[in-house]
Amino acid sequence: MTATPDAKPRGTRLPRMARRRQLLSAAQEVFVENGYHAAAMDEIAERAGVSKPVLYQHFPGKLELYLALLDLHVDDMVTRCHEALASTSDNKQRVQAAIGAFFDFVSSQGEAFRLVFESDLRNVAPVRQRMERSLRESADAISQVIQEDTGCSSDEAHLLGVGLVGMAEVSARYWLSSHGSIPKEAATQLMARLAWRGISGFPRTG
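Residues numbered from 1 in each chain as written. Predicted model: local features only at pLDDT ≥ 70, side-chain atom pairs only at ≥ 80, totals over all residues. Heavy atoms only, no water.

Going by an unreviewed UniProt entry, the chain carries the name TetR/AcrR family transcriptional regulator and comes from Microtetraspora glauca.

Structure representation (structure tokens):
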């Protein structure tokens, strides 16, 4: 196979975890560019600058490689949400920070969000489970804050959390698809104002 312009030179021996990160980085490029079905392990190995046997030493197949990438980026999205909620005790600022976490994620380098939110494998159970985990755990974190600070029941708080996460994800993806015609900070503030006008209507307890 002819080396692609982005192929890394072969021959460098790396520690196992460093090699794994290198392979995941190369795989992300190929999956984002081509989608899962058109991506080839040969191309991923070539992009990483390793032989295919080296790639298979770390990942026994293309699906396992894809799932490892999903786990990495789902964890990143959930962590961003938790950190946003923990960044302040002011709920108005929390709403903006949480929505900002989704805008930051979709605009992060490498378009990793496409693997989490736009996978062409969403009908494959282990992929769907990971995609759902991203939204479920983010919604759980938000609903916990809502329930603690309002008189909402657990079910009501969870529904509100799911609604806020859905709004943040869809609006962030639309913003990116429109090529950032509105600056990211302004777009985040706009959606935060919309969300806050709704969520602030629930009186705080305590």
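Anyway, onward from the coordinates.
Okay, the overall build of the chain next. Assigned secondary structure in the chain consists of nine helices and zero strands. Ordering the α and β elements of the chain from the N terminus gives α-α-α-α-α-α-α-α-α. Referenced to the eigenvectors of the C-alpha coordinate spread, the extents of the chain come out at roughly 65 × 35 × 30 Å. Residue burial in the chain is summarised as follows: out of 206 residues, 43% are buried. Within the chain, contacts between residues at least 6 apart in sequence are counted, and of these 69% link residues at least 24 apart. Accessible surface, the chain: about 11,100 Å² in total, of which carbon and sulfur atoms supply 53%. Averaging the coordinates of the 24 positive side-chain charges in the chain and doing the same for the 25 negative ones gives two points 4 Å apart. (Helix = DSSP H or I, 4+ residues; strand = E, 2+ residues; numbered from the N terminus. Buried < 20%, exposed > 50% of the residue type's maximum accessible area, 1.4 Å probe, protein only. Contact = heavy atoms within 4.5 Å. Areas by Shrake-Rupley, 256 points an atom, 1.4 Å probe, with all protein chains shown as cover. Lys, Arg positive; Asp, Glu negative; His and termini not counted. Charge placed at Lys NZ, Arg CZ, Asp CG, Glu CD.)

Further remarks concern the packing of aromatic side chains. Applying the stated criterion across every chain, the model contains five aromatic pairs. When the centroid spacing of 4.9 Å and the interplanar angle of 85 degrees are considered together, the rings of Phe-31 and Tyr-66 count as edge-to-face. Here the residue Phe-31 occupies a position in helix α1 (residues 16-38), and Tyr-66 occupies one in helix α4 (residues 62-86), the gap between them amounting to 35 residues. Residue Tyr-66 is classed as buried on the basis of its relative accessible area of 3%. Taking 5.8 Å as the distance between ring centres and 75 degrees as the angle between the ring planes, the aromatic pair formed by Phe-105 and Phe-117 counts as edge-to-face. Of this pair, Phe-105 sits in helix α5 (residues 91-106) while Phe-117 sits in helix α6 (residues 113-117), and the two are twelve residues apart along the sequence. Taken together, the ring pairs connect Phe-31, Tyr-36 and Tyr-66 into an aromatic cluster. (Phe/Tyr/Trp six-rings, centres within 6.5 Å; stacked < 30°, edge-to-face > 60°.)

Attention now goes to the UniProt feature "DNA-binding region" (unreviewed entry) in the chain. With numbering aligned to this structure, UniProt lists the feature "DNA-binding region" (unreviewed entry) at residues 40-59. With 75% helix and 0% strand, residues 40-59 has its two end C-alpha atoms placed 13 Å apart. (UniProt positions renumbered as here; feature names shortened; annotations may be inferred.)

Further remarks concern the layout of surface pockets. By volume, the largest pocket amounts to about 280 Å³. Around the largest pocket, the lining is made up of 20 residues, and of these Asn-91, Val-95, Val-145, Ile-146 and Ile-199 lie nearest the centre. Those elements giving two or more residues to the lining of the largest pocket turn out to be α5, α7 (125-149), α8 (154-177) and α9 (184-199). At six residues, the largest contribution of residues to the lining of the largest pocket is made by α5. (1 Å grid on protein atoms, 1.4 Å probe; cavity = no way out; pocket = protein on both sides within 12 Å on 5 of 7 lines; lining within 4 Å. Points joined across faces, edges and corners; volume = space filled by probe spheres on them.)

So, about the side chain of Ser-119. The topology assignment puts Ser-119 in the loop between α6 and α7. In this structure Ser-119 comes out as buried when scored by relative accessible area, which is 4%. At 2.9 Å, the side chain of Ser-119 forms a polar contact with the backbone nitrogen of Leu-121. In contact with Ser-119, other than residues within four places in its own chain, are Tyr-66, Arg-114, Val-127 and Met-131. (Polar contact = N/O pair within 3.5 Å; in protein donor to acceptor, adjacent residues only side chain to side chain.)

In the numbering used here, UniProt assigns the feature "domain: HTH tetR-type" (unreviewed entry) to residues 17-77. Annotation note: span residues 17-77, helix share 87%, strand share 0%, distance between end C-alpha atoms 21 Å.

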